[in-house]
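# Fold and contact review
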Amino acid sequence: PRSAAHAASPAAQALDELYAFADGAALFIPIAHVPQEPGLFLIAAAACADEREHLKTWLTMGIDPDELPDWAHSLVPVAALNGAAARWVVPLDGPHAGSVMLSPDDVHEGTPRYPSLAHFIAALRLCPEAVLGNGGYVSYVVPEHEHLLYPMGHVEGDGDEGAA
């Protein structure tokens, strides 16, 4: 998903560790609601090329591509919210290298949401609503708790049963 020039950077190493552990994971799947759609997908390494094209389309919509900062060309898509065009991305170059941004908004503003991939993962674990609530599309509600939009829990399996 990245060039050889970035291989030794701390951000690239963190991405390698994420891919090794959870490449393409579907997270926050509601157990008690149908459809059982994930609230967040970690972008699979094999899908990075297509996802980078998706990023380019959304980043340049309504602007001249030359207006993007140079570091925006080093973005690696990390995660996607279900039903949203936005992507969580990690720039490998420039002043925000290693941070996590929600593209396109944060990229255009030049303002990261999380200082590192580790901070982003911590937010997913400790306050997932801060991450999932950015999509504008909530894919699930627990029927017996109509205001509990982000159910907590953990289920391990082979992927056919869903995971929270």
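So, here's what we can say about the structure.

Parameters at a glance
Residues numbered from 1 in each chain as written. Predicted model: local features only at pLDDT ≥ 70, side-chain atom pairs only at ≥ 80, totals over all residues. Heavy atoms only, no water. Salt bridge = Lys/Arg side-chain N within 4 Å of Asp/Glu carboxyl O. Helix = DSSP H or I, 4+ residues; strand = E, 2+ residues; numbered from the N terminus. Buried < 20%, exposed > 50% of the residue type's maximum accessible area, 1.4 Å probe, protein only. Pairing = 2+ DSSP bridges. Expected span 1.5 Å × (residues − 1). Arc of directions from axis to C-beta. Contact = heavy atoms within 4.5 Å. Core = buried A, V, L, I, M, F, W, Y, C linked by side-chain atoms within 4.5 Å.

All told, the structure shown has two salt bridges when counted by the stated rule. Across the pair glutamate 51 and arginine 87 runs a salt bridge whose closest N-O atoms are separated by 2.5 Å. Here glutamate 51 is found in helix α2 (residues 48-59), whereas its partner arginine 87 is found in strand β4 (residues 87-91), with 36 residues between them in sequence. Arginine 87 shares its class with glutamate 51; the two are buried. Between aspartate 106 and arginine 113 there is a salt bridge, with its nearest N and O atoms 2.8 Å apart. Residue classification places arginine 113 among the partly exposed positions, given a relative accessible area of 36%.

Okay, the pairing of strand β3 (residues 75-81) next. Side-chain direction in a regular strand flips from residue to residue, so the side chains alternate between the two faces of the sheet. Burial of β3 is extensive: seven of the seven residues sit out of reach of the surface. Both strand β2 (residues 40-42) and β3 contribute to a ladder of three bridges, which runs antiparallel. By the bridge assignment, leucine 40 is partnered in β3 with leucine 81. As judged from the five bridges shared by β3 and β4, these two strands associate in the antiparallel manner. Its bridge partner being in β4, valine 76 is matched across the sheet by valine 90. Taking the residues that link successive antiparallel strands as the turn, the β3-β4 hairpin has five residues, and the phi of glycine 83 there is positive, at about 80°.

With respect to the secondary-structure elements, aspartate 70 resides in the loop between α2 and β3. A C-alpha to C-alpha distance of 8.3 Å links aspartate 70 and aspartate 93, two positions 23 residues apart in sequence.

Our focus in this paragraph is α2. Its twelve residues give α2 an end-to-end C-alpha distance of 16 Å, which sits within 8% of 16 Å, the value for a rise of 1.5 Å per residue. Looking only at α2, the buried set comprises Cys48, Glu51, Leu55 and Leu59. All buried residues of α2 fall inside an arc of 75° around its axis, so they share one side. Turned more than 90 degrees from where α2 packs its buried face, Ala49 and Asp50 sit exposed. In the core, the buried residues of α2 are packed alongside α1 (10-22), β3, β4, β5 (101-103) and α3 (105-109).

The biggest cluster of nonpolar side chains holds 30 residues, and the ones touching the most others in it are Leu15, Leu40, Trp88, Val90, Leu117, Phe120 and Val131. Mapped by element, the contributors of at least two residues to this core are α1, β2, β3, β4, α4 (117-126) and α5 (128-132). Once you skip the residues sitting within four places of it in the chain, leucine 40 turns out to touch Ala25, Ala26, Leu27, Phe28, Ala79, Ala80, Leu81, Trp88, Leu124, Val131 and Leu132. Formed by nine residues, the second largest nonpolar core is a distinct cluster that contains Leu55, Leu59, Ala72 and Leu75.

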